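Fold and geometry: a report
The lines below spell out each chain.
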Amino acid sequence: MRGTTVPPGTPGLPPRAGELPMHRLELPAPDAVPFAVGTFDTIGPLSRAEFPHRHTFHELVHVTGGTGKHVVDLARWPVRPPQLGVIAAGQVHHWAGVRGLTGHVVLFTDDFLLDYPADRDRLRRLGERPWLELDDRADADVTRLVTELEAEYHRGAASVVRALLHVLVVRVGRLPGTPAAPPARAGAVAAEFARLTGRADLGLWSVKAHAERIGVTPEHLTEAVKAATGRTAAQLVREARIREAKRFLLRTDLTVRQVASRVGFADPAYFCRFFRRETGSSPGDFRRAGEKHHD
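Attention in this report is confined to the structure presented alongside it. Note that the structure is predicted; figures quoted are calculated from it, not measured.

**Some words on the overall build of the protein**
Broken down by element type, the protein carries eleven helices and ten strands. Expected size for 295 residues packed as a compact globule is a radius of gyration near 19 Å; at 20 Å, the protein falls within 12% of this value. For the C-alpha atoms alone, the extent of the protein along its principal axes is close to 55 × 45 × 45 Å. Sorting the 295 residues of the protein into buried and exposed places 44% on the buried side. Contacts in the protein between residues far apart in sequence, at least 24 positions, make up 68% of those at least 6 positions apart. Accessible surface, the protein: about 14,700 Å² in total, of which carbon and sulfur atoms supply 54%.

Have a look at this one:
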């Protein structure tokens with residue numbers, strides 16, 4: 001969403017009193033896809049930052065060499081390669097006493113998961129256990145996928161990169177020790193909510209509409225989603241609305257008025273204000289930027 005990416009070399013925003021630094025994803029151009037992959041060296045010194053900070057983006061770290069600790073939230077994980085780290089957007093992390101750190105870093109925002117919205121929930125669950133030991137087979141699989149990701153990224157094949165990233169996230173989710181979807185009643189309600197937000201064709205554009213479809217009160221739905229995901233139902237509905245609008249803008253010839261109607265806005269002007277507030281650009285600018293870089 002808005003403010004998650006910046007041009008290279010943009011100074012970080014000074015944190016407010018009591019807050020941690022927030023790193024944003026550096027992109028070579030304003031309309032570049034919100035994704036980056038490279039080694040610790042090519043990504044830059046912040047990939048080894050030794051001070052606690054947050055990201056506006058998700059980070060996958062494939063560690064192939066080195067010693068030290070990786071600290072995520074309050075847990076300190078020893079570096080014993082090969083390993084895979086999963087840092088979800090908003091999590092606090094840093095490196096402590098690392099030496100000889102080698103491997104690859106994959107960075108991407110929620111916006112890059114446009115084609116695979118369920119991967120957001122997978123990443124949030126993976127963030128509950130963010131440091132995974134890899135056996136030889138898993139390490140070889142991760143190495144192959146990350147190598148392909150880097151090659152396709154440098155070719156500019158965004159759609160292929162999205163597909164490969166989806167495969168990587170799904171396979172990481174199958175590794176031993178990764179958290180499953182929560183089985184509690186709150187988790188079941190939240191899982192159904194997540195399924196419905198992924199069904200844009202149902203036209204459910206409010207928390208109330210989702211609650212009625214699931215058969216619970218809006219208050220219960222809000223509490224269940226917050227307990228299972230740490231996020232509000234209203235925020236996730238807004239994001240689902242934006243994702244569907246982006247799909248129409250990038251992949252159809254519908255007018256902005258028609259797109260607004262498809263995502264539940266009777267007033268196109270209000271839709272444009274909503275879209276700009278959530279993304280930082282107008283629907284027209286977003287469409288033109290997407291057409292310019294269409295594969």
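Back to the write-up after that little detour.
**Some words on the packing of helix H3 (residues 136–155) against helix H4 (residues 158–173)**
Axis angle and axis distance: for two packed helices, these are the angle between their axes and the distance between the axes, and together they describe the pair. At a closest axis distance of 9 Å, the pairing of H3 and H4 adopts a crossing angle of 160°. The angle between the axes of H3 and H4 places the two elements in the roughly antiparallel class. Taken as a pair, H3 and H4 cross one another with a handedness that is left-handed. Across the interface between the two elements, Asp141, Val142, Arg144, Leu145, Val146, Glu148, Leu149, Glu152 and Tyr153 from H3 touch Val160, Val161, Leu164, Leu165, Val167, Leu168 and Arg171 from H4. Partitioned by chemical class, the residues of the contact of H3 with H4 number eleven nonpolar, no polar and five charged.

**Digging into unusual backbone geometry**
The bulk of non-glycine residues show a negative phi, and the bulk of peptide bonds are trans. Put simply, Pro81 and Pro82 share a cis peptide bond, and its omega is 0°. Tracing the backbone through its elements, the reader meets Pro82 in the loop between strand E7 (75–78) and strand E8 (83–87).

**Overview of the pairing of strand E4 (residues 35–39)**
Here E4 lies mainly inside the structure; four of its five residues are buried. Of the strand pairs in this sheet, E4 and strand E9 (residues 93–108) are connected by five bridges, and their pairing is antiparallel. Residue pairing across strands places Ala36 opposite Leu107, the latter belonging to E9.

**A look at the pattern of salt bridges**
What the rule picks out here adds up to 15 salt bridges. In this structure, Lys246 and Asp111 form a salt bridge, with 2.9 Å as the shortest nitrogen-oxygen distance. Of this pair, Lys246 sits in helix H8 (residues 233–251) while Asp111 sits in the loop between E9 and helix H2 (118–126), and the two are 135 residues apart along the sequence. A salt bridge links Arg122 to Asp119, with the nearest nitrogen and oxygen atoms 2.6 Å apart. Taken as a pair, Arg122 and Asp119 lie in helix H2 at a separation of three residues, close to a single helical turn. The exposure class assigned to Arg122 is partly exposed, which follows from its relative accessible area of 26%. Look at Asp119 and you get buried, because its relative accessible area is 0%. Counted as one network, the salt bridges with shared partners bring together Asp141, Arg144, Glu148 and Arg171.

**Here's the deal with the nonpolar core**
Ranked by internal contacts, the top residues of the largest apolar core, which has 25 residues, are Phe35, Phe108 and Leu165. Mapped onto this core, the elements with two or more residues apiece are E4, E8, E9, H2, H3 and H4. Top element by residues in this core is H4. It accounts for six residues. Among residues more than four places away in sequence, those in contact with Phe108 are Leu25, Pro34, Phe35, Phe57, His58, Leu60, Leu113, Leu123 and Leu165. Ala32, Ala36, Ile87 and Leu107 belong to the second-largest nonpolar core, a separate cluster that totals 18 residues.

**Some points on the side chain of His58**
Note on placement: His58 falls in strand E6 (residues 58–72). By relative accessible area, which is 3% here, His58 ends up buried. A distance of 2.7 Å separates the side chain of His58 from the side chain of Asp110, its partner in a polar contact. Contact partners of His58, with chain neighbours within four places excluded, come to Ile87, Ala88, Ala89, Val106, Leu107, Phe108, Thr109, Asp110, Leu113 and Leu123.

**Re helix H7 (residues 218–229)**
With twelve residues, H7 should reach 16 Å at 1.5 Å per residue; the first-to-last C-alpha distance of 16 Å fits that figure. Looking at the residues trailing H7, positive phi occurs at Gly230, about 80°.

Rules behind the numbers
Residues numbered from 1 in each chain as written. Predicted model: local features only at pLDDT ≥ 70, side-chain atom pairs only at ≥ 80, totals over all residues. Heavy atoms only, no water. Helix = DSSP H or I, 4+ residues; strand = E, 2+ residues; numbered from the N terminus. Rg over C-alpha atoms; globule rule 2.2 N^0.38 Å. Buried < 20%, exposed > 50% of the residue type's maximum accessible area, 1.4 Å probe, protein only. Contact = heavy atoms within 4.5 Å. Areas by Shrake-Rupley, 256 points an atom, 1.4 Å probe, with all protein chains shown as cover. Axes fitted to C-alpha atoms, helices over the stretch in contact; angles between N-to-C directions. Parallel < 35°, antiparallel > 145°, perpendicular 65-115°, else oblique. Left-handed = near helix turned anticlockwise from the far one by under 90°. Nonpolar A, V, L, I, M, F, W, Y, C, P; charged D, E, K, R; others polar. Pairing = 2+ DSSP bridges. Salt bridge = Lys/Arg side-chain N within 4 Å of Asp/Glu carboxyl O. Core = buried A, V, L, I, M, F, W, Y, C linked by side-chain atoms within 4.5 Å. Polar contact = N/O pair within 3.5 Å; in protein donor to acceptor, adjacent residues only side chain to side chain. Expected span 1.5 Å × (residues − 1).

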